[in-house]
Amino acid sequence: MKDNLTILTTTHFKASAHILERGYPANHDRKNTSTELIEYMILNLYKKLNSNEIIHYISLDHDPKNEGSCEYLENLKLLSKKHPNIRLIITIKGIRESILNLINSVETKYFLWFEHDWEFNSNISLVSLLNLMDKYNNI
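Since we're looking at a predicted model, the values are computed, not measured. (Residues numbered from 1 in each chain as written. Predicted model: local features only at pLDDT ≥ 70, side-chain atom pairs only at ≥ 80, totals over all residues. Heavy atoms only, no water.)

K.L.:
Looking at this structure, how should I read the overall build of the chain?
P.N.:
Scanning the chain from terminus to terminus reveals five helices and four strands. Secondary structure elements of the chain occur, N-terminal to C-terminal, as β-α-α-β-α-β-α-β-α. For a compact globule of 139 residues, the expected C-alpha radius of gyration is about 14 Å, and the chain comes in at 16 Å, within 12% of that figure. Buried residues in the chain amount to 41% of all 139 residues. For the chain, contacts bridging at least 24 residues in sequence account for 75% of all contacts bridging at least 6. Side chains of the chain give 16 positive and 17 negative charges; the mean places of these two sets differ by 2 Å. (Helix = DSSP H or I, 4+ residues; strand = E, 2+ residues; numbered from the N terminus. Rg over C-alpha atoms; globule rule 2.2 N^0.38 Å. Buried < 20%, exposed > 50% of the residue type's maximum accessible area, 1.4 Å probe, protein only. Contact = heavy atoms within 4.5 Å. Lys, Arg positive; Asp, Glu negative; His and termini not counted. Charge placed at Lys NZ, Arg CZ, Asp CG, Glu CD.)

K.L.:
Whenever I open this one, the nonpolar core confuses me. Can you help?
P.N.:
Most often, soluble globular proteins keep nonpolar side chains buried together rather than apart. Residues Leu 5, Ile 7, Ile 38, Ile 42, Leu 45, Leu 49 and Leu 112 are the most contacted members of the largest nonpolar core, which totals 22 residues. Secondary-structure elements contributing two or more residues to this core are β1 (5-12), α2 (36-49), β2 (56-61), α3 (67-82), β4 (110-113) and α5 (126-135). Examining the composition of this core, we find that six residues originate from one element, α2, more than from any other. Apart from the residues within four sequence positions on either side, Leu 5 is in contact with Ile 54, Thr 108, Tyr 110, Phe 111, Leu 112, Leu 126 and Leu 130. (Core = buried A, V, L, I, M, F, W, Y, C linked by side-chain atoms within 4.5 Å.)

K.L.:
Any chance you could explain the side chain of His 56 here in plain terms?
P.N.:
For His 56, the location among the structural elements is in strand β2. Residue His 56 is classed as buried on the basis of its relative accessible area of 0%. Excluding residues within four positions of it along the chain, His 56 makes contact with Ile 7, Leu 8, Thr 9, Met 41, Ile 42, Tyr 46, Asn 85, Ile 86 and Arg 87.

K.L.:
I would appreciate a short explanation of the pattern of salt bridges in the present structure.
P.N.:
Where charged atoms from two side chains of opposite charge come close, those side chains can pair. What the rule picks out here adds up to five salt bridges. Measuring nitrogen to oxygen at the nearest pair gives 3.5 Å for the salt bridge that ties Asp 63 to Lys 14. Remark: Lys 14 occurs in the loop between β1 and α1 (17-20) and Asp 63 occurs in the loop between β2 and α3; sequence separation between them is 49 residues. (Salt bridge = Lys/Arg side-chain N within 4 Å of Asp/Glu carboxyl O.)

Here is the structure:
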């Protein structure tokens, strides 16, 4: 599976959407610089996939002028040392660039987009799904 699949995740400390667009209705800023939430997602996901060897790109929508964002980046670097399959991408031009950089990093046939606060509620067989997509071109 690791040769056919890449995991993609965006994250942020200070969300750029409401900064880049005047009047954006929501504020998605984080309250702390801890990586506990994203690490919980990572460990849970890898357990469900039964693999911690799949290349996992994590893109930080980063504000280098924001102390919290810089601290969160340092914490993400520590997290990536704990999980050698993680590759960090740092973007400073907003969520659009973050998404494009992730997609452009994929070298496998498939990717799994998985947000930093998502979790599977039931067991899945991603291998079976990938096999189906390989077998049928209408999926």
